[in-house]
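Fold and geometry: a report
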Amino acid sequence: MAYLDNIAVFVRVVELGNLSAAGRDMRISPAVASNRIKELEKHLGVRLFNRTTRQLMPTEHGTVFYTGAKQVLEAITEAEAAVSALSGQPRGTIRVTAPLGLGRRLVASGIPDFHDKYPDIEVRLRLSDHNVDIMKEGIDVAFRLGIIEDSSLRMRGIMECERVLVAAPKYLEARGEPAEPHELIGMKHDCLMLRYSGAREYVWTLQMSGGPQKFEVHGPYDTDDGDVLTGWALSGRGIINKPRFEVEPFIRDRRLKVILADTPPTPVQFAAVYPHKKLQDPKVRLLLDFMAERCQRLIKDILAGK
């Protein structure tokens, strides 16, 4: 088991790029992670990493060993999943990621309830508005809200979410309320965007009478945190494009106002994506079923004002 633990640490260091991140992910200290890498290098008689001040890069030997080590760990995971399916007692760890806002509102609050129901399953949740490479980083399930195009992953749709353009009354009083979409550009409205490395949607696509149309809107600043966007809009700093369930409470109490209601943004897909082989894992299926039902219910309750 010690050797397998060393291999598991090595794989996570390669995937995450440094000892500290791998240690946090595996709930061990960087010193312990470092010792396990050293033990593995001693056992193999080769150096597995080139060390820099910021990152560990696998050597040629490390790259070759990673391919085989990854296959070994995947084979063990699949074997454990098969045993769990036969025993009816799923156990183990699931690594989950979700966007910050959606993760806080819908996913994170359900993790303790899921664990209460399945106490032998550990869930490690990572929240980020960045586009996480789930294959590279060893993620089992990623909840996503947006355009999902990665054909190497399987997708389970949870629900289609209406989007709206909203701004604070304070902003609309100062800048005027656009009467039609082209005024977003013509009147140089401050359109606040969610931007991060790897993002695909830097335009707003609105539902026009002739079909969807893209608008290259602009604003004085942007962010990689969706909740920051909402905060800026609430303080009267501009217009944002958001899933309705995220801003419905502010619309209801009139802190935000829906604009261009006749030409709203195209809906966004809320879905879970995962590697193809993960559907064979009973604990992953249980999490998907649990979260899909829960998130659908919570979104409907939010929109209904409950």
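Not measured: the values here are computed from a predicted model. Here the residue numbers are simple positions, counted from 1 along each chain's written sequence. pLDDT decides what is reported in this predicted model: residues at 70 or higher carry local features, side-chain atom pairs at 80 or more are listed and counted, and totals for whole chains, interfaces and linings draw on all residues regardless. Excluded from the side-chain calculations are hydrogens and water; all other atoms, namely the structure's heavy atoms, are used.

Here the domain parsing of the protein yields domain 1 (1-86), domain 2 (89-160 + 268-305) and domain 3 (163-266). Across the contact, 18 residues belong to domain 2 and 19 residues belong to domain 3. For the pairing of domain 2 and domain 3, the buried interface totals around 1,500 Å² over both sides, and the portion due to carbon and sulfur atoms is 56%. When the buried area of domain 2 at its contact with domain 3 is split by residue, Arg105, Asp129 and Val268 rank highest and sum to 31% of it. By salt bridge we mean one thing: a side-chain nitrogen of Lys or Arg within 4 Å of a carboxyl oxygen of Asp or Glu. Remark: the boundary between domain 2 and domain 3 carries two salt bridges. Under this definition, polar contacts are N or O atom pairs within 3.5 Å; protein pairs additionally need one hydrogen-donor-capable and one acceptor-capable atom, and for neighbouring residues in sequence, both atoms have to be side-chain atoms. Counting the contacts that link domain 2 with domain 3 gives four residue pairs in polar contact (both at pLDDT 80 or more). Helix and strand assignments come from DSSP, with helices taken as H or I runs of at least 4 residues and strands as E runs of at least 2, each series counted from the N terminus. Looking at the side of domain 2 that touches domain 3, the elements with two or more residues in it are α5 (100-107) and α11 (282-303). By residue number, the principal contributor to the side of domain 2 that touches domain 3 is α5, which donates six residues. Three categories are distinguished: nonpolar for Ala, Val, Leu, Ile, Met, Phe, Trp, Tyr, Cys and Pro, charged for Asp, Glu, Lys and Arg, and polar for the others, with Gly belonging to the last. When its residues are assigned to classes, the side of domain 2 that touches domain 3 shows 10 nonpolar, four polar and four charged. Start and end points for every domain follow an automatic or database-based domain assignment. Any two residues having at least one pair of non-hydrogen atoms within 4.5 Å are treated as being in contact. A simple way to read buried area is as the amount of 1.4 Å-probe accessible surface that goes missing from two parts once joined, with both sides added.

Any two aromatic rings considered together are summarised by their centre-to-centre distance and by the angle between their planes. Working definition: a ring pair exists when centres of Phe, Tyr or Trp rings (six-membered ring for Trp) sit within 6.5 Å. Plane angles under 30 degrees give stacked, over 60 give edge-to-face, the rest tilted. Enumeration according to the criterion identifies six aromatic pairs in this entry. When the centroid spacing of 5.3 Å and the interplanar angle of 55° are considered together, the rings of Phe10 and Phe65 count as tilted. Placement of the pair is Phe10 in helix α1 (residues 2-16) and Phe65 in helix α4 (residues 60-87), with a sequence separation of 55 residues. Note on classification: 1.4 Å probe, protein chains only; a residue is buried when its accessible area is under 20% of the maximum for its type, exposed when over 50%, partly exposed between these limits. Among the residues examined, Phe10 registers a relative accessible area of 0% and is labelled buried.

Tracing the backbone shows Arg285 in helix α11. A relative accessible area of 36% places Arg285 in the partly exposed class. Between the alpha carbons of Arg285 and Glu248 there is a distance of 31 Å; along the sequence they are 37 residues apart.

Now for the sheet that holds strand β6 (residues 153-161). Should DSSP find at least two bridges between two strands, the strands are regarded as paired. As summarised here, the arrangement of the five strands in space is β4-β3-β5-β14-β6, forming an open sheet in which the pairing is mixed. Single-partner strands in this sheet number two, and they are β4 (121-127) and β6. Across the sheet, the axes of successive neighbouring strands diverge by a mean angle of 20°, strand direction being ignored. As paired strands, strand β3 (residues 92-98) and strand β5 (residues 141-146) are joined by two bridges and run parallel to one another. Note on geometry: axes are lines fitted to C-alpha atoms, helical ones only across the stretch in contact, with angles between N-to-C directions running from 0 to 180 degrees.

On to the nonpolar core. We call a set of buried residues a nonpolar core when its members are Ala, Val, Leu, Ile, Met, Phe, Trp, Tyr or Cys and they connect through side-chain atoms within 4.5 Å of each other. The biggest cluster of nonpolar side chains holds 30 residues, and the ones touching the most others in it are Leu102, Leu106, Phe143, Ile158 and Phe270. For this core, the element with the most residues is α11, which contributes nine residues. Sequence-distant contacts of Leu106, defined by excluding residues within four places in its chain, comprise Phe245, Phe270, Arg294, Cys295, Leu298, Ile299 and Ile302. The next biggest cluster of nonpolar side chains, apart from the first, holds 15 residues, and it includes Ile7, Phe10, Leu48 and Leu56.

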